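The residues making up each chain are set out below.
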Amino acid sequence: MSTVRVQQTSPSHGYRPEIDGLRTIAVVPVVLYHAGVSWMSGGFVGVDVFFVISGFLITGILFQDIQRDRFSLLTFYERRIRRIFPALFTVFAVSMVLASGLLLWDEFNEFARSLFFSTFFLANHYFMGDTGYFAGAAEVKPLLHMWSLAVEEQFYIVFPVYLLIVAKYRQSWLLPLTALLLVLSLAFCIILTGLNPDTAFYIAPTRAWELLAGALLAILPRRFFATGLAAQIIGALGLGAIFYAILNFDHGTVFPGSAAIVPVLGTVAIIYSSTRQATAVGAFLSLAPMRFVGLISYSLYLWHWPLIVFYRFWRLEEPEPVEMYGIVLLSVVMATLSWHFVERPFRTRSLLATRKSTLTFGVVLMMVFGAVALVVDLKDGFINRYPPAVNAALSLRHDSWRRDNCSTLGGEGRAAHQVCTFGSGAPDFAVWGDSHAGALLPAFVTAAEQVSRAGASVGNSGCLPFVGVQRRNPEFANCAEGNQLFLEYIRDTPTIEQVFLVSRWGIYAQGRGLGNSTSAPVTLWDAEQPAETAGNHPVFERGLVRTIEALQAAGKRVILVSQVPDSPFDVPSTVARALWLDRPLPSGPLRAEVAHYEAFVRDRFVQAEQDSDVRLMRLGDIFCPGERCVVWAEGVPFYRDGNHLTIARARSLAPVIRPYLVGAGE
C-alpha cells in the first residue's frame, strides 16, 4: 500500500515576493475599513488573509527544520519574539503614554486591563467578554486589534508540537490529519457563528482552520500545485474572491462562519497558483509598491488602530474623512520608521545576537508591561488626578433608572420578560418599549405621582415594541417572544387604558444610529419578509400597524412618543474629556440632520395619528429648540451615553407627559 510522502522542500521555502504583495492586500483594506472608508465595508477580512499567510510561511519554516532535524521550540519562540515583540511593545509603550494623557480614569483603567491581556496574548478572550448591548463601542478600544495576534500565538503554542510529533513519527498522516483538523475547526466555526457570533469571532478554535489552510499548502507535495493556464485562472479567481469579500461584506454579514471561506479560499488560491510558476496575479503582487507596503504591513497593522482611536479621543467629535486619511498617512510613516528602526535591527540580529538574550528580553518585556498594567488597574486609572467636575460628568455614565416591583412573564435570567409597576393601585397605563422607554421612565413615574396615577413598565432593551417583528441577531432572539407576552399582559389587564410606545425608533427604521455610526447595523424581519430583501422600512411599517391594531382591538388608547434625538458622541465622556483637556465642549447634532434622520418614522407616526386615532407626543422641539439639539448645559450632560437620558433630564420631562395622563395634550 503506497502512501503520499510530503516533499522535502516546502513551497514556502525561499523569498516569495508575491507574499509580501499579498500582505498588502490584507493590511490596506483593514486600515481603510477602520478609517471609515465606506466602500471597504468588508475590509475586516484582511485579518483572515493574514491568518492564511501566517500558517503557510511558519509551517514551511517549521517543517523544514523538522525535516533537517534541527527543530527546537526555543529557537521557534526566539524567532517569534524577534518578529513580534519589538514593534508590538513599542506600540504598547506609545499607547500607554497617549492613554495616560487622553483617557479618563475609567477608560485608562480599561485600557490597562486590555494591555495586560494583550501582553500575554489573551486579548481575544478579554474583548470577547466585553461585548453586548451596552458595551463600550469598538472605536474607543485602542488595543482591540490585538485579538488577532492573540489567536495566532495561541495557535502556535500547540501547532509546532503537533507538527513535530506527526511529521517525525507518522509523516504519512500529516496531510490527511491536518485536513481533518481543518474541517473540524471550520465546522465548529460555522456552528458556533450561528449560535454565538461574538465568541466565534474571537476564539482560536474557530479561527484555527484559516491558519491550517495555509499550513496545508506548506506541506502539500509540490507536484500537486497548478501550472500553465490553470494556475493563471486560479490566481485570478483567488484575487477576485478576496476583493469580492472586501467590497461586499459588511457589519451585517454573519461572520466568520461560512462567509470566511471566501477570503480564505481566495488567499489559498493565490498562493497555490504562484508556487510552481509566475502568474499575472503574482507579478502584480510582486510590484515594488506592493512589496513595500507588505514589508511594513505588520507595523502598519499595529500602529493604525491606536492612532485612529487616540485621535478620536483628542478630537472629541467624529473626525472628518480628510482627517482620517491624514491618520492613515501618519500610520504609514510610523510603520515605515518602525520597520526600519525597530523591526529590522532585531530580525537581522544587530540587537540581541543570542537566543538566551532574546528569550530573556521577551520575558522581561512581558513582566514589565504586565506589572505596569496591573498598577494602573489597582489604582483605578489613578482616579484622584482628575478634577471633581470631570468625575462628576463621568459618573453620569452609570445614571440609569432601576425598576422596582417586577414580576416575570416568561424567560429566565437576562432573557426574562418582566413587567414592573409603579404608583399605588393597579396600573391604569403602560409604558412599552426598549431601553429608551426605561430611560424615560423617571418622567412617567414623576408625572404619575403628580396626578395620582399608576403605571406598568414592559419591554426589553434592544427590542422594538412591535408584535411580530424580530431582530436578525442572536443577542435579541427573544424580542418577538417578549413582545407577544407584553401584548397579552396589556390586553389581559383591564385597568390599563393607555399604552405609551417609546423607543429609539430611528435605529430600527434606518438600521443605524444618527450620523457616522460605526455600530453593527440593525436588521429587522417578520413573517412576510424573512430574508434581507427590502430593508427595514416595510417591516417597521407593518409592525407599527399590527401593534396599533392589536392594542386598539383590546380597547387601549395608544400614544406614540417621538424619539429622544441621538447624539453623535458619548455625551458624559466627551464633556468630561473636554473639561480634562481644557477644550471647548462640542455642540449637539444639527436639528436639520436629526429631522432628516427621523423623517421616515415621523411620517409614519403622523399617518397613524390621522388614520388610526392614536396620539403623538412630540419631543423634538424640547431637545432641538434652535439650529442644534442640546445635549448638555453648563458642563452637565443630559445623556448617560449617546442616546439615553440621565435621570435628572428625564424627570424634567414630567410636565410634558402629565397632560397625557389627565386626558389633555395636543
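Up top is the structure these notes are about.
Scope of this entry: the structure provided in the associated data block.

Only a minority of non-glycine residues have a phi that is not negative, and only a minority of peptide bonds are not trans. A cis amide bond links Phe-255 with the next residue in sequence, Pro-256, at an omega value of 5°. The backbone of Asn-405 sits at a positive phi, close to 50°, despite the residue not being glycine. Among the structural elements, Asn-405 can be located in the loop between helix H17 (388–395) and strand S1 (406–410). For Ser-452, which is not a glycine, the phi torsion comes out positive at approximately 55°. The class for Ser-452 is exposed, based on a relative accessible area of 69%.

What follows deals with helix H15 (residues 321–347). In an α-helix, one turn spans 3.6 residues, which is why side chains three or four residues apart end up on the same side. Between its terminal C-alpha atoms H15 stretches 36 Å, which fits the 39 Å expected from 27 residues at 1.5 Å a residue. Within H15, the axis deviates most sharply at Trp-339, by approximately 40°. Among all positions of H15, only Glu-323, Met-324, Ile-327, Val-328, Ser-331, Ala-335, Ser-338, Trp-339, Val-342, Glu-343, Pro-345 and Phe-346 are buried. Close packing links the buried residues of H15 with helix H1 (17–34), helix H3 (73–102), helix H13 (288–295), helix H14 (297–315) and helix H16 (355–378). Arg-349 occupies a position one or two residues after H15 and carries a positive phi of about 65°.

Evaluated as defined, the whole model comprises three disulfides. Here Cys-406 connects covalently by a disulfide to Cys-420, the sulfurs 1.9 Å from one another. The sign of the 105° torsion about the S-S bond sets the Cys-406-Cys-420 disulfide as right-handed. Note that Cys-406 is positioned in strand S1 and Cys-420 in strand S2 (residues 417–422), a separation of 14 residues in sequence. Taking relative accessible area as the criterion, Cys-406 reaches 34% and is therefore assigned partly exposed. Residue Cys-420 is classed as buried on the basis of its relative accessible area, which comes to 1%. Disulfide pairing places Cys-624 opposite Cys-629 at an S-S distance of 1.9 Å. Note on the Cys-624 and Cys-629 pair: the S-S dihedral is about 90°, so by sign convention the disulfide is right-handed. Side by side, Cys-624 and Cys-629 carry an identical accessibility label, which is buried. The cystine pairing of the protein, numbering bonded cysteines in sequence order, is 1-2, 3-4, 5-6.

Our next topic: the nonpolar core. Ranked by size, the top nonpolar core spans 204 residues in total, and within it Leu-88, Trp-432, Phe-444, Phe-500 and Leu-560 carry the most contacts. With sequence-adjacent residues up to four places away left out, Phe-444 is seen in contact with Phe-422, Phe-429, Val-431, Phe-500, Val-502 and Ile-657.

Attention now goes to the pattern of salt bridges. All chains considered together, the criterion is met by 28 salt bridges. Note that Asp-492 is salt-bridged to Arg-491, the shortest N-O span being 3.5 Å. Judged by its relative accessible area of 41%, Arg-491 is partly exposed. One salt bridge in this structure joins Asp-566 and Arg-504, with 2.9 Å as the shortest N-O distance. You can see Asp-566 sitting in the loop between strand S8 (557–561) and helix H22 (571–581) and its partner Arg-504 sitting in the loop between strand S6 (498–502) and helix H20 (505–510), a full 62 residues away along the chain. With respect to class, Asp-566 is no different from Arg-504; both count as buried. Through salt bridges with shared partners, a single ionic network connects Asp-526, Glu-528, Arg-542 and Arg-546.

Below, the discussion takes up the environment of Asp-492. Assignment of secondary structure puts Asp-492 in the loop between helix H19 (479–491) and S6. By relative accessible area, which is 54% here, Asp-492 ends up exposed. Between the C-alpha atoms of Asp-492 and Leu-396, which are 96 residues apart in sequence, the distance is 38 Å. Within the structure, the side chain of Asp-492 is placed 3.5 Å from the side chain of Arg-491, a separation counted as a polar contact.

On to a nonpolar patch on the surface. Among the surface-exposed residues, Leu-329, Leu-330, Val-333, Leu-337 and Phe-341 lie close enough to one another that they form a single nonpolar patch of about 470 Å² accessible area. Along the chain, the position of Leu-329 falls in helix H15. Classification of Leu-329 by relative accessible area gives exposed; the value is 55%.

Definitions and cut-offs
Residues numbered from 1 in each chain as written. Predicted model: local features only at pLDDT ≥ 70, side-chain atom pairs only at ≥ 80, totals over all residues. Heavy atoms only, no water. Helix = DSSP H or I, 4+ residues; strand = E, 2+ residues; numbered from the N terminus. Buried < 20%, exposed > 50% of the residue type's maximum accessible area, 1.4 Å probe, protein only. Expected span 1.5 Å × (residues − 1). Bend = angle between axes of the 7 residues up to and from the residue. Contact = heavy atoms within 4.5 Å. Disulfide = S-S within 2.5 Å. Core = buried A, V, L, I, M, F, W, Y, C linked by side-chain atoms within 4.5 Å. Salt bridge = Lys/Arg side-chain N within 4 Å of Asp/Glu carboxyl O. Polar contact = N/O pair within 3.5 Å; in protein donor to acceptor, adjacent residues only side chain to side chain. Patch = residues over 30% accessible without salt bridge, like charges linked within 9 Å, V, L, I, M, F, W, Y side chains within 5 Å. Areas by Shrake-Rupley, 256 points an atom, 1.4 Å probe, with all protein chains shown as cover.

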